Every structure is written in C-alpha cells, then in structure tokens.
Amino acid sequence: MEKTNPIIKLKDVTKIYQRSGGETIALHNASFEAFASELVLLLGPSGSGKTTMLTIMAGLQRPTSGDVFLFGRQFYEYSSKNLQQIRASKMGFIFQTFCLLDSISVIDNVMLSLKFAGIPKDLARQKAIEFLDRLEIKHLMNVLPVTLSQGEKQRVAVARALVTGAELIIADEPTGSLATQQGMQIVDFLNRSCKTESRCVIIASHDERISKYADRVMHLRDGILGNGNL
Ligand SMILES: Nc1ncnc2c1ncn2[C@@H]1O[C@H](COP(=O)(O)OP(=O)(O)O)[C@@H](O)[C@H]1O
Ligand SMILES: [Mg+2]
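One numbering rule holds for all chains: residues counted from 1, following each sequence as written. Chains and ligands are labelled by the order in which they are written, letters from A for the one and numbers from 1 for the other. In keeping with the predicted nature of the model, local features appear solely for residues at pLDDT of at least 70, side-chain atom pairs appear and are counted solely at 80 or more, and the whole-chain, interface and lining totals rest on all residues. Side-chain descriptors were evaluated using all non-hydrogen atoms of the structure, hydrogens and water having been removed beforehand.

*Asks:* How would you summarise the pairing of strand E9 (residues 216-221) if you had to cite specific residues and measurements?
*Replies:* Between any two strands, pairing holds if DSSP finds at least two bridges. Under the DSSP-based scheme used, a helix requires at least four consecutive residues in state H or I and a strand at least two consecutive residues in state E, with every element numbered from the N terminus. In terms of strand pairing, strand E3 (residues 39-43) meets E9 through four bridges, oriented parallel. Within the sheet, the bridge partner assigned to Val40 lies in E9 and is Arg216. Pairing analysis gives three bridges linking E9 to strand E10 (residues 224-226), with the strands arranged antiparallel. What sits directly across from His219, in E10, is Gly226.

*Asks:* Which residues make up the sheet that holds strand E2 (residues 22-34), and what values go with them?
*Replies:* Read from one edge of the open sheet, four strands run E2-E1-E4-E5, paired in antiparallel fashion. Strands with a single pairing partner mark the edges of an open sheet, and in this sheet they are E2 and strand E5 (73-74). Across two bridges, the pairing between strand E4 (residues 65-70) and E5 is antiparallel. If you follow Phe69 over to E5, its bridge partner there is Gln74. Note on definitions: a residue-residue contact is assigned when non-hydrogen atoms from the two residues lie within 4.5 Å. Here an angle of 0 to 180 degrees is reported between the N-to-C directions of two axes, which are lines fitted to C-alpha atoms, with helices fitted over the stretch in contact. Set on the sheet, helix H1 (residues 50-57) makes contact with strand E1 (8-19), E2 and E4; between it and E1 the angle comes to about 120 degrees.

*Asks:* With reference to specific residues and values, describe the sheet that holds strand E6 (residues 91-94).
*Replies:* Taken in spatial order, the six strands line up as E6-E7-E8-E3-E9-E10 in an open sheet, and their pairing is mixed. In this open sheet, the two strands that pair with only one neighbour each are E6 and E10. The sheet shows a mean angle of 20 degrees between the axes of neighbouring strands, taken without regard to direction. Examined bridge by bridge, E6 and strand E7 (residues 168-172) share four bridges and lie parallel to one another. What sits directly across from Phe93, in E7, is Ile170. Packed on one face of the sheet, helix H5 (residues 150-162) meets E6 and E7 and runs near 170 degrees to E6.

*Asks:* Residue-level account of the site of ligand 1, with values.
*Replies:* Taken together, the residues surrounding ligand 1 are Tyr17, Arg19, Thr24, Ala26, Pro45, Ser46, Gly47, Ser48, Gly49, Lys50, Thr51 and Thr52. Here a polar contact is taken to be a pair of N or O atoms separated by no more than 3.5 Å, where protein atoms must pair a possible hydrogen donor with a possible acceptor and residues adjacent in sequence count only if both atoms sit in side chains. In the environment of ligand 1, an oxygen atom lies 2.6 Å from a nitrogen or oxygen atom belonging to the backbone of Gly47. Side-chain polar atom of Lys50 to an oxygen atom of ligand 1: 2.8 Å apart, as the coordinates give it. In this description, accessible areas are obtained by the Shrake-Rupley approach with a 1.4 Å probe, and a residue is regarded as covered only by the protein chains that are shown. Burial of ligand 1 by the surrounding chains reaches 67%, relative to a free accessible area of 560 Å². Looking at the shell around ligand 1 element by element, the count peaks at three residues for H1. For the shell around ligand 1, the class distribution of residues is three nonpolar, seven polar and two charged. Only a single heavy atom is needed: when it lies within 4 Å of a molecule or strand, its residue is near that molecule or strand. Side-chain classes follow a simple rule in which Ala, Val, Leu, Ile, Met, Phe, Trp, Tyr, Cys and Pro form the nonpolar group, Asp, Glu, Lys and Arg form the charged group, and the remainder, Gly included, forms the polar group.

*Asks:* Hey, could you go over the nonpolar core for me, with residue numbers and the actual values?
*Replies:* One broad trend across soluble globular proteins is that nonpolar side chains are buried collectively. Of all hydrophobic cores here, the largest spans 42 residues; its most connected members are Ile94, Leu132, Val158, Leu190 and Ile203. For this core, the secondary-structure elements that each account for two or more residues are E3, helix H3 (106-116), helix H4 (121-134), H5, E7, helix H6 (180-196) and strand E8 (200-205). For the purposes of this section, nonpolar cores are sets of buried Ala, Val, Leu, Ile, Met, Phe, Trp, Tyr and Cys residues that join through side-chain atoms within 4.5 Å. Note on classification: 1.4 Å probe, protein chains only; a residue is buried when its accessible area is under 20% of the maximum for its type, exposed when over 50%, partly exposed between these limits. Counting residues in each nonpolar core, the second largest holds 32 residues, with Ile8, Val13, Ala58 and Ile170 among its members.

Here it is as structure tokens:
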C-alpha cells in the first residue's frame, strides 16, 4: 500500500543556540517524518534536544539550517496568519506543566481552544463536554484548575489539545508530573485517539515505559536523532 504524505517532516535540521559562554548544537542534522495514525516517541535524556525538536515542529522557533514541512508545505510558505489558524485548528499541544489558565473554569479552558479554532460557542460547549466526558472529568467542568490534582490537570490539558480534532498532537514530557499508572493511562488514551481518529501523535520523553505504546521510537542523544541503533 502506498504511504500517505507525512503530516510533519524535518530534513537535515540543525539548531544551534548562542549563549554567552559558547554555543550549543541542540539538534544536529535531524531528519524525521511522521504520518497520520502513527504515535512516535522521541526518547532521550534531559538536554538531548527533545523540546528543541518539538518547538521547531510547532513552528515556535526556526532551525539554524534545514527544512521543515508541515502538512506538506514548508513553514515559510504559510503566512503568519495562516500558521496561526493551522496551529489553532490542526495542531494540539500538551506540556509537562499543563499551561492551564487558572482564573477560568475547566470547561472554559477547553472551550478556549475551540474559540481560537473559530468554532461557535454552542457547538464548542457541546464538544468540550464530550471530551471532558471521554477523559472522565466531566464532573469537574465548572471548577477552577487550581483545585485539581496533577492527574486531573493533565486530563484537562489532553482534552484541550484533542477537542478541535487536531491532526497533529505534540506532547512534551506528558507524563513528567504524574505517577506511573496515571502517566501510562494518558499515553494509552493518546494512543487510542491516534488510531481511532487518525491523528499523528508525537511524544517527547525520557521515560522508556512509553515505548510499548509507540508505533516507532526515535532516540535522541546530544542532538543526534537515530532509530535506536546508535
Ligand atoms: N534558548 C536556549 N538557549 C541556549 N541553549 C538552549 C536553549 N534551549 C535549550 N538549550 C540547550 O540545548 C540543549 C537541548 O535542550 P532541550 O531541547 O531543552 O533538551 P530536552 O528537552 O531534551 O531536555 C541543552 O543543552 C540546553 O541547555
Ligand atoms: Mg525538554
């Protein structure tokens, strides 16, 4: 069967940070592609370049050299407005620290994603409730995030990332703040969503236990990306 086009593709991407005291090659000639319905784990220790790679994929920073293709087009082919729309409606982000807004309720946090994606309020509310229910936290929809446990916050962050129907989900250390079982439940949920909703899910982590949920594991070490045979 012919493979579809990659959702995200990096070609010979290098990122060099300049800092007083010297420069760091955070990513060295990395080439990578990921497809719909695929969960890819970027596995590497702290400082290996995982966050750098994810932020480049997200278009949050530019590589020093190399090409990045998002949904088949180079980043620079998109206008900044276009990129903003794509980020809002086709991409979902999950951060280790969740990045929830503490002054608004759980459901409003989730609905905000849909607002940015241009979904009308009534439909947004319906979808937000549907996803909170899928993540088994519907009963918490009206509370403020500060009152939640780490595991519950993570579920809100996952609902927020998935609710727009995003085709590309980028998760940076999504299990980092969680107990093992909670962490693996979240990865299992992402894995199922990847398969049943044809999403491309990219998870960066130092946690090898995630490997068993991944279709493919790429190893990062000192900015060098490999398929495990390093
Ligand atoms: N903004 C920055 N300026 C300078 N160096 C950075 C910056 N961000 C990351 N680095 C360095 O780049 C390397 C990779 O960092 P990072 O991508 O955050 O790795 P990881 O997410 O795997 O821990 C590290 O050596 C880190 O210190
Ligand atoms: Mg990191």
